[in-house]
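Spelled out, the chains give:
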Amino acid sequence: MYSCRKRLSFWFIVTVGVAVIVCQLFADQLQSQARYNKPRVLIVNSYNKGLKWSDGIMEGIESVLSAEFDISVEYMDCKRYLSDTYFKALYDLYELKYNDVDLDIIISTDDNAYQFLLENHQSLFPAVPVVFCGVNNFDPGQIAEKPLFTGVLEQLHLDRNIDLVMRLHPAVENIIVISDDTTNGIANSRRIREISKSLPRVNWLFYDSKMELDEKQLVSLVSKAPQNTVVYYTDYFRDPDGNLVDYEKLMQKLSQVAPGPIYTQSDIYLGYGVAGGYMVSGFYQGKVAGEIAKKILTGTPVEKVPIVEEGANKYMFDYQQLQRWKISENILPPGSIMINRPQSFYYQYKVMIWSISGAFAFLAIVILALFSALLYRRKIETKLRIREKRYSFALQAARSGSWEWDIITNDLFWSEHVEPLFGFEKGRFSGTLEAFMDCILEQDRQKVSQAIEKALQGRSDYYIEHRIVWPDKTIHWVSETGTVEYDKTGRPVRMFGIVQDITQRRHYEDEREKLLHRLKIKNEELQSVVYTASHDLKSPLVNVQGFTGELIRDCESLIKYCESQSITPSVWQEIRTMIKENIPVYIRYIKTSVDKMSMLLDGLLKVSRIGTQQLNFENLDMNELLENIKREMSYQVTKLNGTIDVERLPPCMGDARQINQLFTNLIDNALKYRSPDRPPAIQISGKYENGFCVYSVRDNGRGILPEHTKHIFEIFYRLDPSSPVKGEGLGLTIVQRIVDRHDGRVWIEPVEGHGACFCVAIKSTLMLK
Ligand code: ADP
């Protein structure tokens, strides 16, 4: 069985293992298929990773195109490499890589990638739509012949920025414009110079390529600028010697020394001291490009997606700089983006606050649950305590105690009431089966062990009465009732039960046994006395009867003799009165008494014979027995025009002769004490009841008044001694004796209407089976 289970477990593990591996393979397959089913996007980035602008664009694209797209990125690295040979090499590389790849869309970031694709799209990616972003110098003519090109432009909107400066600082007196000698720098400077013409009120200071200022000079000049000055920083990527400038550091320095806020048009400076501006933003460029790409990928034809000229520029501000220059947030253009805003405690620790609140809420729920469980437990405990008290009280009152035996550890636990039952003081019992066995009277030990063994084998319940010896050497009786608990494998693990002191009961039972025995002996003595007395008294009575007859005959002879003699008439008269009148009257009295005494002695003999008769108990077919009685009495019954109805009767255990006599007596009485008004009708029935067969003999005769039912079974008792119906008052006494000898019962049942009903209960054979 065990090895079979082991084999089953092995195959179960193998099956589960195989199922897991198959599922895993299937999942991998699905995953790789899913990857190849995703739209393929190629991002051609003009620069390299790590450039703030460039990284911003990538972030923006990825914020739109998430995991549902299969994205590849090519960094052209044009900040470092910018030769024709290099572009040729890139071309070859891309051709090699993407010749056999079905791209769904290309996103180009900034001008170099845009220009590269303008030139090579047709040959490298002929049917793939291109979305460009970060393109400064856009000329619509460039894509006139390129229907698959669309995108977002990088427009600077200098006019809007100057407008913003004037709106936020209406009383500004000086505006410094910083730019370098790059193409964009020169163009920007030129454009602002044009704008400045419409604002002659302001003193415009152009620190541009014409001034040929290096970084130091620039910072120094800005630091010396008068109060009420605003700085507008277009570009300063290159100093007059052509060296690249670390614009982030430069911006920080300028911000430290400037007498007023600095504005600019690109978000790459944001966070380094710039107050704000209407800015081009790498992130938003990328985001808009991503949105366009998504639109095309989800089915919109490229020609239906126009070039976005403005959507990627945002009003952006640095909160700290606004605070520094006391610029109210309220006057900023609507929808402005703010960086460096100090977050409220809640905002800053939102996750933590919610986590802690959640934890507290959870704890509160747990505490509540625990609390209610605790209350419930207390309630149950109180109930249990009360029950335990009741139980303990009941056990105490019944001189009982409970025990529990752990079969595995051999620990025998006794409840507090058990030790006194064994004559121990509290805590003196050592709590093992052996210690318990030691308490048992030696003669009883074996039967207790056997009873335990039988119970453990599940062959019977544990019930035993045995003697124990108290430490003071007195012997006591106890009864044990127990039950066994088994584990899953059917091994007995625990046994528990109740022990009760039955010393007093056993004492009474012994007494009863003794009394019953004595009673039996006395009864037998009495029977023999009655028998002997009635038997022995019979012969003197016969003598009295005989000699009384002799006396009568002698009296008659004496009369004849006296008549033949000459006796004086007065003497003769006297003798004649004595012999003819007095003596016959006396003799009649003696005869009646002797007859009565003889009858009584006969009755006694009859009854005592019933008591001494040897009984032969057998399973009696009562239907057959009653049928015989009916047959024997048929003459009598027919003569009286009577009937005897016998229902189907259950069998009983009895002596056939005596049971026959019992029913004959009852039926005989029913006929004898019939009513003069109707022919006798007798009904006999029987049923099984609690181990006895209860038979009833019901008649329609004179009936018996309730006051007689108590005495009717007494010997010689007659209801109407003057009745012409002959009887000795013995029939029912004999019935009672027979029933007694069968350990049964006889009684008169009240009836409705006429007649009497005698019930007899005799042990059933059913119970004995
Ligand atoms: P016996 O019939 O010889 O007088 P029993 O012991 O049989 O003596 O009956 C005692 C008395 O009970 C009877 O004298 C009679 O009055 C009364 N008795 C017994 N059986 C019936 C009966 N079936 N109906 C009415 N009376 C009865």
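Residues numbered from 1 in each chain as written. Predicted model: local features only at pLDDT ≥ 70, side-chain atom pairs only at ≥ 80, totals over all residues. Heavy atoms only, no water.

1. Comments concerning the overall build of the chain
Item 1. Of the regular secondary structure elements, the chain holds 22 helices and 24 strands.
Item 2. Here the C-alpha atoms of the chain give a radius of gyration of 66 Å, more than 25% beyond the 27 Å that 2.2 N^0.38 yields for 769 residues.
Item 3. The 769 residues of the chain split such that 39% are buried.
Item 4. Considering only contacts in the chain between residues 6 or more positions apart, those separated by 24 or more positions represent 67%.
Item 5. On the chain, roughly 45,600 Å² of surface is accessible, and the fraction owed to carbon and sulfur atoms is 56%.
Item 6. Of the charged side chains in the chain, 91 are positive and 97 negative; the average position of the first set lies 8 Å away from that of the second. (Helix = DSSP H or I, 4+ residues; strand = E, 2+ residues; numbered from the N terminus. Rg over C-alpha atoms; globule rule 2.2 N^0.38 Å. Buried < 20%, exposed > 50% of the residue type's maximum accessible area, 1.4 Å probe, protein only. Contact = heavy atoms within 4.5 Å. Areas by Shrake-Rupley, 256 points an atom, 1.4 Å probe, with all protein chains shown as cover. Lys, Arg positive; Asp, Glu negative; His and termini not counted. Charge placed at Lys NZ, Arg CZ, Asp CG, Glu CD.)

2. Digging into the sheet that holds strand β1 (residues 40-45)
Whenever strands of a sheet pair, they do so through backbone hydrogen bonds, lying parallel or antiparallel.
Item 1. Spatially, five strands are ordered β2-β1-β3-β4-β5 in an open sheet, and the strand pairing comes out parallel. In this open sheet, the two strands that pair with only one neighbour each are β2 (70-75) and β5 (149-153). Across this sheet, the average inter-strand angle for adjacent strands is 20 degrees, counted without regard to direction.
Item 2. As paired elements, strand β3 (residues 105-109) and strand β4 (residues 130-135) share four bridges and run parallel to each other. Of the residues in β4, the one forming a bridge with I107 is V131.
Item 3. Those strands touched by helix α3 (residues 84-98) are β1 and β2, and its axis lies near 160 degrees from that of β2.
Item 4. Its contacts with the sheet place helix α9 (residues 282-297) against β1, β3, β4 and β5, and it is angled at close to 155 degrees to β5. (Pairing = 2+ DSSP bridges. Axes fitted to C-alpha atoms, helices over the stretch in contact; angles between N-to-C directions.)

3. Focus on a positive patch on the surface
Item 1. A cluster of basic residues, K379, K383, R387 and R390, forms a positive patch on the protein surface.
Item 2. Position of R387 relative to the elements: it lies in helix α12 (residues 350-397).
Item 3. With a relative accessible area of 57%, R387 lands in the exposed category. (Patch = residues over 30% accessible without salt bridge, like charges linked within 9 Å, V, L, I, M, F, W, Y side chains within 5 Å. Salt bridge = Lys/Arg side-chain N within 4 Å of Asp/Glu carboxyl O.)

4. Structural notes on the nonpolar core
In summary, soluble globular proteins display a tendency toward joint burial of nonpolar side chains.
Item 1. Judged by nonpolar contacts, the single largest core of 75 residues is most densely connected at I107, I175, I178, Y233, L254, Y263 and F317.
Item 2. Residue contacts for I107: discarding those within four places in its chain leaves V41, L42, I43, V44, I61, L65, V131, A289 and A293.
Item 3. Among the nonpolar cores identified, the runner-up in size contains 38 residues, and V637, L649, I682 and V746 belong to it. (Core = buried A, V, L, I, M, F, W, Y, C linked by side-chain atoms within 4.5 Å.)

5. A look at the sheet that holds strand β23 (residues 745-749)
Item 1. Read from one edge of the open sheet, five strands run β19-β21-β22-β24-β23, paired in mixed fashion. Looking at the sheet topology across the chains shown, the edges are occupied by β19 (643-646) and β23. Each strand of the sheet is rotated relative to its neighbour by a mean of 20 degrees, with strand direction disregarded.
Item 2. Two strands pair when backbone bridges link them, and β19 and strand β21 (residues 681-689) are joined in this way by four bridges, in the parallel orientation. Across the sheet, I644 pairs through a bridge with I682, a residue of β21.
Item 3. Against the sheet, helix α21 (residues 731-741) makes contact with β23 and β24 (757-763), and its axis sits at roughly 135 degrees relative to β23, the strand it touches most.

6. Some remarks on the pairing of β2
Item 1. Only one face of β2 is buried, namely the one carrying D70, S72 and E74, since none of I71, V73 and Y75 on the opposite face is buried.
Item 2. Where β1 meets β2, six bridges bridge the pair, whose relative direction is parallel. The residue bridging V44 from the neighbouring strand is E74, located in β2.
Item 3. After leaving β1, the chain enters helix α2 (residues 52-64) and then returns to the sheet as β2, a path that is right-handed. (Right-handed = clockwise from strand over helix to strand, strands pointing away.)

7. Observations regarding the site of the ligand
Item 1. Within the structure, the ligand sits among 18 residues, and N669, Y673, R718, E728 and L732 are positioned closest to it.
Item 2. Separating an oxygen atom of the ligand from a backbone N or O atom of G729 is a distance of 3.1 Å.
Item 3. Contacts to the ligand include G731, whose backbone N or O atom sits 3.2 Å from an oxygen atom.
Item 4. For the ligand, whose unbound accessible area comes to 520 Å², protein coverage reaches 96%.
Item 5. For the shell around the ligand, the element with the highest residue contribution is helix α20 (residues 656-672), accounting for three residues.
Item 6. When its residues are assigned to classes, the shell around the ligand shows nine nonpolar, five polar and four charged. (Near = heavy atom within 4 Å. Polar contact = N/O pair within 3.5 Å; in protein donor to acceptor, adjacent residues only side chain to side chain. Nonpolar A, V, L, I, M, F, W, Y, C, P; charged D, E, K, R; others polar.)

8. Some remarks on a nonpolar patch on the surface
Item 1. Where nonpolar side chains cluster on the molecular surface, the patch consists of F345, Y349, M352, I356, F360, L363 and I367 and spans about 740 Å² of accessible area.
Item 2. Relative to the assigned elements, F345 resides in helix α11 (residues 345-348).
Item 3. When its relative accessible area of 60% is taken as the criterion, F345 is described as exposed.

9. As for the packing of α20 against α21
Item 1. One way to put it is that α20 packs onto α21 with a least axis distance of 9 Å and a crossing angle of 150 degrees. Here α20 is positioned roughly antiparallel relative to α21, judged by the angle of their axes. Between α20 and α21 lies a crossing whose hand is left-handed. Facing α20, whose interface residues are Q658, I659, Q661, L662, N665, L666 and N669, α21 presents G731, L732, I734, V735, I738, V739 and R741.
Item 2. Across the contact of α20 with α21, the residue classes break down as eight nonpolar, five polar and one charged. (Parallel < 35°, antiparallel > 145°, perpendicular 65-115°, else oblique. Left-handed = near helix turned anticlockwise from the far one by under 90°.)

10. Thoughts on the pairing of β1
Item 1. Judged by how many residues are buried, β1 sits mostly within the fold: five of six residues are covered.
Item 2. Relative to β3, β1 runs parallel, the two sharing five bridges. Within β3, the residue paired with L42 across the bridge is I106.

11. Quick look at the environment of R609
Item 1. Assignment of secondary structure puts R609 in helix α17 (residues 569-612).
Item 2. With a relative accessible area of 40%, R609 lands in the partly exposed category.
Item 3. Counting along the chain gives 82 residues from R609 to Q527, while the straight-line C-alpha distance between them is 8.6 Å.

12. Let's talk about the packing of aromatic side chains
Item 1. The final tally for this structure, using the stated rule, is 24 aromatic pairs.
Item 2. Pairing Y94 with F116 gives two aromatic rings, centres 5.6 Å apart and planes at 85 degrees, and the pair type is edge-to-face. Taken as a pair, Y94 in helix α3 and F116 in helix α4 (residues 110-124) lie far apart in primary sequence, 22 residues in all. In this structure, Y94 and F116 share a single accessibility class: buried.
Item 3. Centroid distance F132 to F138: 5.6 Å. Interplanar angle 25 degrees. Geometry classified as stacked.
Item 4. You can call F132 buried: its relative accessible area is 0%. (Phe/Tyr/Trp six-rings, centres within 6.5 Å; stacked < 30°, edge-to-face > 60°.)

13. Examining α2
Item 1. Taking 1.5 Å per residue as the helical rise, α2 with its 13 residues ought to reach 18 Å, and the 19 Å between its terminal C-alpha atoms agrees with that figure.
Item 2. Along α2, the positions that sit buried rather than exposed are W53, S54, G56, I57, M58, G60, I61 and V64. (Expected span 1.5 Å × (residues − 1).)

14. Focus: the confidence of the model for the chain
Item 1. In this model, the chain carries a mean pLDDT of 88, and residues with pLDDT of at least 70 account for 95%.
Item 2. Mean pLDDT across the elements of the chain ranges from a minimum in helix α1 (residues 2-37), with 47, to a maximum in β19, with 97.
Item 3. Here residues 1-23 is a poorly scored stretch, pLDDT under 50, and it has zero contacts once near neighbours within four places are set aside; other chains count.
Item 4. Across residues 29-35, confidence stays below pLDDT 50; counting only partners more than four residues off in sequence or on other chains, it has one contact. (pLDDT = per-residue confidence, 0-100.)

15. Notes on the state of the cysteines
Item 1. One pass over the structure, following the stated rule, counts zero disulfides.
Item 2. C78 carries a free sulfur, and the closest cysteine sulfur to it, the one in C133, is 14 Å from it.
Item 3. Distance from the sulfur of C652, which forms no disulfide, to the nearest cysteine sulfur (C693) is 5.8 Å.
Item 4. Using a relative accessible area of 0% as the deciding quantity, one classes C652 as buried. (Disulfide = S-S within 2.5 Å.)

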